[in-house]
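A look at the structure
Residue-level listing of the chains:
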Amino acid sequence: IRYRSPSRGLGDVYKRQGELRLTLIDNLYEARGHIKKGIERLIEIELRRELAWIQEDLRDLTKIGPLIATFAPIEEVQHQAYNHLKRFLCSHNMGIIDPNRVQEAITKAKSLSRGLAYRFIDRLKEILDLRQSLIVDKRLPKYLSKEVVRIAPPDLLERTPHWAFNRLPLYLEAITIRQTSRDKDPQRDEKRGSEIDAFRKRLEKLQAPSEVKEDLAWTIEEYALSVFAQNLGTAFPVSAKRIEEKFQNASESISQQPDVPQQSGQVSKIIDKPTDADLQSLKSLFR
């Protein structure tokens, strides 16, 4: 099935751009995952020129200098950086293939791509500067040194969404603030730390989709920021009560999901039948 580009008109076929497969899946939850990846691929195809420029611009990562060497091999950082920015630009919140919304996402991504690599490099340098200054600080307690590595590990570009990547300097700055507060009141710091650790341990044991666990992980991170460095501000409203509600919602959503068919060949009883609108959307994108 050949993809027809919304930006050039539905009648214009991109040549030599490969093909996309249309797969019918009898399980609703599995189908949603494939739809999400499929739309990401559609956006990526439209952004091929912008992504090529980003890949070229990321060569300037070498200008960061020795900091990169203390973090990870430069080739690996460039590879992770490209994939990180590609995920960011191709991300979306669409549950169905809607040509108009796909086009809107493409237009927005093209706008965001301008100068993105250079802003990314500046932010990464800021993160690495803070990371290195904390690592070499001999006054920093061992458990806070571990926090530095946990927040900014060598694979941070793979595991960190772009919005959180931009907030990493605040997370690292909070460690310095926490160190000062700890010196003044160790018991208070221990009590706050125990609360955060308890949330993270619960998250490790939680059986939930990856996107649910990721949302909870960053919510806990923002809550820790509000606890140890309230003056830095959070990305969104957060509290212990809100985190408890997220845990509760995650547990309830799991219990309400139907059984997924096993590999034994069983077929799920729940089949999501396409509506007329779904079929029209497909017709407008595919031939």
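Let us look at the structure shown here. On a predicted model such as this, the values are computed, not experimentally measured, just so you know.

In this section: the packing of helix H6 (residues 116-135) against helix H10 (residues 168-184). With their axes 9 Å apart at the nearest point, H6 and H10 run at an angle of 20° to one another. One way to sum up the angle between H6 and H10 is to call them roughly parallel. Crossing geometry of H6 relative to H10 is assigned as left-handed. In this structure, H6 uses Arg123, Glu126, Ile127, Leu130, Arg131 and Leu134 to contact H10, whose residues at the interface are Leu168, Pro169, Leu172, Ile175 and Thr176.

Right, let's get into the environment of Arg49. Tracing the chain through its elements places Arg49 in helix H2 (residues 48-57). As for Arg49 and Lys110, which are separated by 61 residues in sequence, their C-alpha atoms are 9.6 Å apart.

Attention now goes to the packing of aromatic side chains. Here a ring pair, both rings aromatic, is described through the centre-centre distance and the interplanar angle of the planes. The final tally for this structure, using the stated rule, is six aromatic pairs. Ring geometry for Trp163 versus Trp218: centroids 6.1 Å apart, planes at 70°, classification edge-to-face. Remark: Trp218 occurs in helix H12 (residues 210-228) and Trp163 occurs in helix H9 (residues 162-165); sequence separation between them is 55 residues. Trp218 sits in the buried class, given a relative accessible area of 13%. By the ring-pair criterion, three or more aromatic residues cluster together here, those being Trp163, Tyr171, Trp218 and Phe236. For the cation-ring pair, Arg178 lies above Phe228, with the distance from its terminal atom to the ring centre recorded as 4.0 Å. Positioned above the aromatic ring of Phe247 is the side chain of Arg202, whose terminal nitrogen or guanidinium carbon lies 4.1 Å from the ring centre.

Mapped onto the elements, His162 comes out in helix H9. Each residue touching His162, except ones within four places of it in the same chain, is listed here: His84, Leu85, Phe88, Leu116 and Phe120.

Structurally, Ala250 can be placed in helix H13 (residues 240-256). When its relative accessible area of 3% is taken as the criterion, Ala250 is described as buried. Separated by 43 residues in sequence, Ala250 and Gln207 have C-alpha atoms that sit 8.5 Å apart. Excluding residues that lie within four positions of it along the chain, Ala250 makes contacts with Leu206 and Val212.

Before going further, it helps to spend a moment on helix H7 (residues 142-151). Residues of H7 that are buried include every one of Leu144, Glu147, Val148 and Ile151, and no others. When H7 is viewed along its axis, its buried side chains cluster within an angular range of 100° and face the same direction. Along H7, the residues that are exposed and aim more than 90 degrees away from the buried face are Lys142 and Lys146.

On to the side chain of Asp57, then. By the secondary structure assignment, Asp57 is in helix H2. Arg59 provides the closest opposite charge to the buried, salt-bridge-free Asp57, at an N-O distance of 8.5 Å. Not counting chain neighbours up to four residues away, the residues in contact with Asp57 comprise Ala117, Tyr118 and Ile121.

Okay, the pattern of salt bridges next. A complete count under the given rule lists 17 salt bridges for this structure. The salt bridge involving Arg200 is made with Glu147; its shortest N-O contact spans 3.8 Å. Here the residue Arg200 occupies a position in helix H11 (residues 186-205), and Glu147 occupies one in helix H7, the gap between them amounting to 53 residues. The same class applies to Arg200 and to Glu147, which are both buried. As a salt-bridge pair, Arg150 and Glu221 come within 2.9 Å of each other at their nearest N and O atoms. A residue pair is termed long-range when its members are at least 10 positions apart, and Arg150 in helix H7 and Glu221 in helix H12 qualify at 71 residues.

Reading guide: rules and limits
Just so you know, the residues in each chain are numbered from 1, in the order the chain's sequence is written. Confidence filtering applies because this is a predicted model: local features only for residues at pLDDT of at least 70, side-chain atom pairs given and counted only at 80 or more, and all residues used for totals across whole chains, interfaces and linings. As a rule here, side-chain values come from all non-hydrogen atoms in the structure, and water together with hydrogens is ignored. Lines are fitted to the C-alpha atoms to define the axes, a helix being fitted only along its stretch in contact, and any angle between axes, read from their N-to-C directions, falls within 0 to 180 degrees. Only DSSP runs of H or I covering at least 4 residues are called helices, and only runs of E covering at least 2 are called strands; the numbering of each starts at the N terminus. For classification purposes, an angle smaller than 35 degrees is called roughly parallel, one larger than 145 roughly antiparallel, one from 65 to 115 roughly perpendicular, and anything else oblique. Handedness of a crossing is defined here by the sense of rotation of the near helix relative to the far one, left-handed for an anticlockwise turn of less than a right angle and right-handed for a clockwise turn. Here, residues are in contact when the closest pair of their heavy atoms is within 4.5 Å. In this analysis, rings of Phe, Tyr and Trp, with Trp reduced to its six-membered ring, are considered paired at centre separations within 6.5 Å, and the interplanar angle assigns stacked below 30 degrees, edge-to-face beyond 60, and tilted for intermediate values. Under the scheme applied here, a residue whose accessible area is under 20% of the maximum for its type counts as buried, over 50% as exposed, and between as partly exposed, the area being computed with a 1.4 Å probe on protein chains only. Comment: the charge-over-ring label is applied if NZ (Lys) or CZ (Arg) is within 6 Å of the ring centre and within 35 degrees of the ring normal. This arc is taken over the directions from the axis of the helix to the C-beta atoms. Charge assignment: positive for Lys and Arg, negative for Asp and Glu; neither His nor the chain ends contribute. Take a side-chain nitrogen of Lys or Arg and a carboxyl oxygen of Asp or Glu: if they are within 4 Å of each other, that pair is a salt bridge.

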